[in-house]
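# Coordinates in review
Here are the chains, one letter per residue:
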Amino acid sequence: MKKRKFGLALSMFLAAGTILGACGSDDADTSDSGEGGNSGEESGGDFTVSMVTDVGGVDDKSFNQSAWEGLVAFGDENGLKEGTDGYNYFQSASDADYVTNINTAVRNDFDLVFGIGFLLQEAIEQVAAQQTDTNFAIVDSVGKGDNVASITFKEHEGSFLVGVAAGLQTKTDKIGFVGGVESDLINKFAAGFKAGVEAVNPDAVVDIKFAGSFGDAARGQQMAAAMYGAGNDIIYHAAGGTGNGVFTEAKNLKKQDPEREVYVIGVDRDQAEEGALSADGKDYNVTLTSMVKRVDVAVQDISKRAMDGDFPGGEVIEYGIEEEGISIAETQDNLSQEILDEVADYEQKILDGEIEVPSTLE
Amino acid sequence: MFNRVQKILIPVISVILGLIIGAIVMIISGFNPLEGYSALLKGAVGDSFYLGETIRQITPYIFAGLAVAFAFRTGLFNIGVEGQLLVGWIASVWVGLAFDLPKVIHLPMSILAGAAAGALWAFVPGILKARFRVHEVIVTIMMNYIALHLVNHLVRYVISDQQNTTERVPETASLKSPFLETLTEFSTMHFGIFLALAGAIIFWLILEKTTAGFELRSVGFNQHASEYAGMNVNRNIVFSMVISGAFAGLGGAMEGLGTFGYAFIHSAFSGVGFDGIAVALLGGNVAIGVVLAAALFGILKQGALIMPIESGVPTELVEIVIAIIIFFVASSYIIAYVLQRFKKGAK
């Protein structure tokens, strides 16, 4: 008897599922027309370009997203549509997908394929050697091959500028740095930052630590807690998703004690929105400033050159302050005018070549 | 509790239900499920390039699935396949780079180094379980993190000179096959798949055809009864973990010597080891089941990469389908119950 009741309940559940499923498909019809409008198949030109993300994906709030925004802007400018005959992206779910995705892009006849992030360097080199008719570009690394353009940034220059800001802002003369994975790339951030702090505040100590991951927010929060606890009042993070934990910890501290001065320096994008919070009815922001790396500018620039038949194959192109590939964030509410003037001063000195910012930790 | 037919039916029904619910999700989010699935199938087996990539993807899944299944048959939950795979990966590449030998010696030696490293990594939780009854789930999870960071350190400071990747292993230690690559239009397919299938046969032989395998299974069924029957339970626990780890290490060697040909700094886990748990579960912890489940996972994961560009369906949908399949396998009792009702109804 009991069993039969259960059977009845189960069949009712399944029936309900079917009916609900049918409801769902009604909704789908309306949303379908909207969706269809987006993916029109008309082509705006015969140049096509695509990018392969690393495991972060195009919504990582960091350089993959920035690169995709660059491609979208390039497409809009030149009347290209998203799709196989315009511009597109391939998302990698794991490291093993890089070669597959790059090859798939080549097989879909894209003229130019971007590999976003130094993790894709080996994969780009490997495919570029096999597929010599396609042009490739690698971001944040230097790749071999005549059909490979290497896009790098002078992160140390931007890091130097935010280092100047941090060195002038700090009250405790203790400043933290949280890096993602220890590598040549992240060392550039650390080296520039340290040099910037030391240029304006020789007494300040920069504590450089690495999380060992770009995607571990919990670890970032833990490290930030230890650093703020040890008296550091500013932390610069170059750690992607791990850095989100640094923001969380800073915001928690600020919430507990709005008088306390704790700051985070953001990376890659203007991360002011990441640092916003309200405590006791007042709005605060823990983001001191951000080191902005314009991957989108670089992607647009290289795409444009490739379309115009001027693809810089085999070359290494460095985007720095001068090339507008590196800058300090537009949101500057937390910085006083004196600090901003000082930062502008040093920016000019870097542009004039008066200061050579180191790119490696000695 | 379940008979033989049900053991086969339950995973099959789970897969079908997973695909159906995936189709419903596609309809709700405004995509055509037929287009989506045909794009997925095309991306997995549509032409020789995609087929090559799919087979390459299946290879580590088979090893990871075998590793989880082997421990599970002895009643152990090896969550540490991910870590064992990583140490197997680095060990095989290290041996590949460190020696200069003819291929007949060098390649087997590199592969065996991977297996040995994985076995060693699994020996630790095995001995802790056998000696001190420390739960293997906790230890293996912890060992995953130790493996990840140790491997990153080795890549950066020991094997390479502060680089993000090691050198490529020389041809004498490589599983890469120019023949298979040309056959599949430059896919990353390598010889590993044959080793994986051989591994599945060895798995079956050990468990079903040897006394040692009988003891292992017996311990998995009932530790106390096995002990009463005169078996050494502790030794079997350690033995089971070691073999399981060796399978995982081999999976890592396939990635290190075949798919990539080098080791690199991992910013996060590759996920293959964790997917191995799902593969073993879906495959019912038997050799042939693991191979079939790995094939399904390989097809889904590989097809998922192509699905967005062909049909606009986002790759995440495949994750949903996989999750639903695992849900139904895990709650197999529901399916078994429904099957029973149907049978009774027919009578």
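Residues numbered from 1 in each chain as written. Chains lettered and ligands numbered in written order. Predicted model: local features only at pLDDT ≥ 70, side-chain atom pairs only at ≥ 80, totals over all residues. Heavy atoms only, no water.

Moving on to the environment of A:Glu356. Looking at the element boundaries, A:Glu356 is found in the segment after α10 (337-351). A C-alpha to C-alpha distance of 39 Å links A:Glu356 and A:Phe47, two positions 309 residues apart in sequence. (Helix = DSSP H or I, 4+ residues; strand = E, 2+ residues; numbered from the N terminus.)

Now for the side chain of B:Arg56. Relative to the helices and strands, B:Arg56 resides in helix α3 (residues 48-73). Given the relative accessible area of 2%, B:Arg56 is considered buried. Reaching out from B:Arg56, the side chain makes a polar contact with the side chain of A:Thr100 at a distance of 2.8 Å. Excluding its chain neighbours within four sequence positions, the residues that come into contact with B:Arg56 are A:Ala96, A:Thr100, B:Thr188, B:Met189, B:His190, B:Thr259 and B:Gln302. (Buried < 20%, exposed > 50% of the residue type's maximum accessible area, 1.4 Å probe, protein only. Polar contact = N/O pair within 3.5 Å; in protein donor to acceptor, adjacent residues only side chain to side chain. Contact = heavy atoms within 4.5 Å.)

Residues and elements named next belong to chain A. We note that the domain assignment places domain 1 (49-153 + 295-319) and domain 2 (155-292 + 332-351) within chain A. Between domain 1 and domain 2, the C-alpha centre-to-centre distance is 30 Å. Listed as interface residues are six residues of domain 1 and, on the opposing side, seven residues of domain 2. Regarding the contact of domain 1 and domain 2, the summed buried area is about 710 Å², with carbon and sulfur atoms giving 51% of it. The three residues of domain 1 that bury the most area against domain 2 are Lys61, Phe118 and Phe153, which together make up 59% of that side's buried surface. Taken together, the links from domain 1 to domain 2 amount to zero salt bridges. Counting the contacts that link domain 1 with domain 2 gives two residue pairs in polar contact (both at pLDDT 80 or more). Residues that form the side of domain 1 that touches domain 2 fall into these classes: three nonpolar, one polar and two charged. (Domains from an automatic or database assignment. Buried area = accessible area lost by both parts, 1.4 Å probe. Salt bridge = Lys/Arg side-chain N within 4 Å of Asp/Glu carboxyl O. Nonpolar A, V, L, I, M, F, W, Y, C, P; charged D, E, K, R; others polar.)

Turning our eyes to something else, we now look at the packing of helix α7 (residues 217-229) of chain A against helix α8 (residues 242-256) of chain A. All names here are of chain A. Look at α7 against α8: their axes get within 6 Å of each other, and the N-to-C directions meet at 45°. Regarding the angle of α7 to α8, the classification is oblique. By crossing handedness, the relation of α7 to α8 is classed as right-handed. Between α7 and α8, the residues in contact are Ala217, Gly220, Gln221, Ala224, Ala225 and Tyr228 and Thr242, Gly245, Val246, Thr248, Glu249, Ala250, Asn252 and Leu253, respectively. Tallied by class, the residues present in the contact of α7 with α8 amount to seven nonpolar, six polar and one charged. (Axes fitted to C-alpha atoms, helices over the stretch in contact; angles between N-to-C directions. Parallel < 35°, antiparallel > 145°, perpendicular 65-115°, else oblique. Left-handed = near helix turned anticlockwise from the far one by under 90°.)

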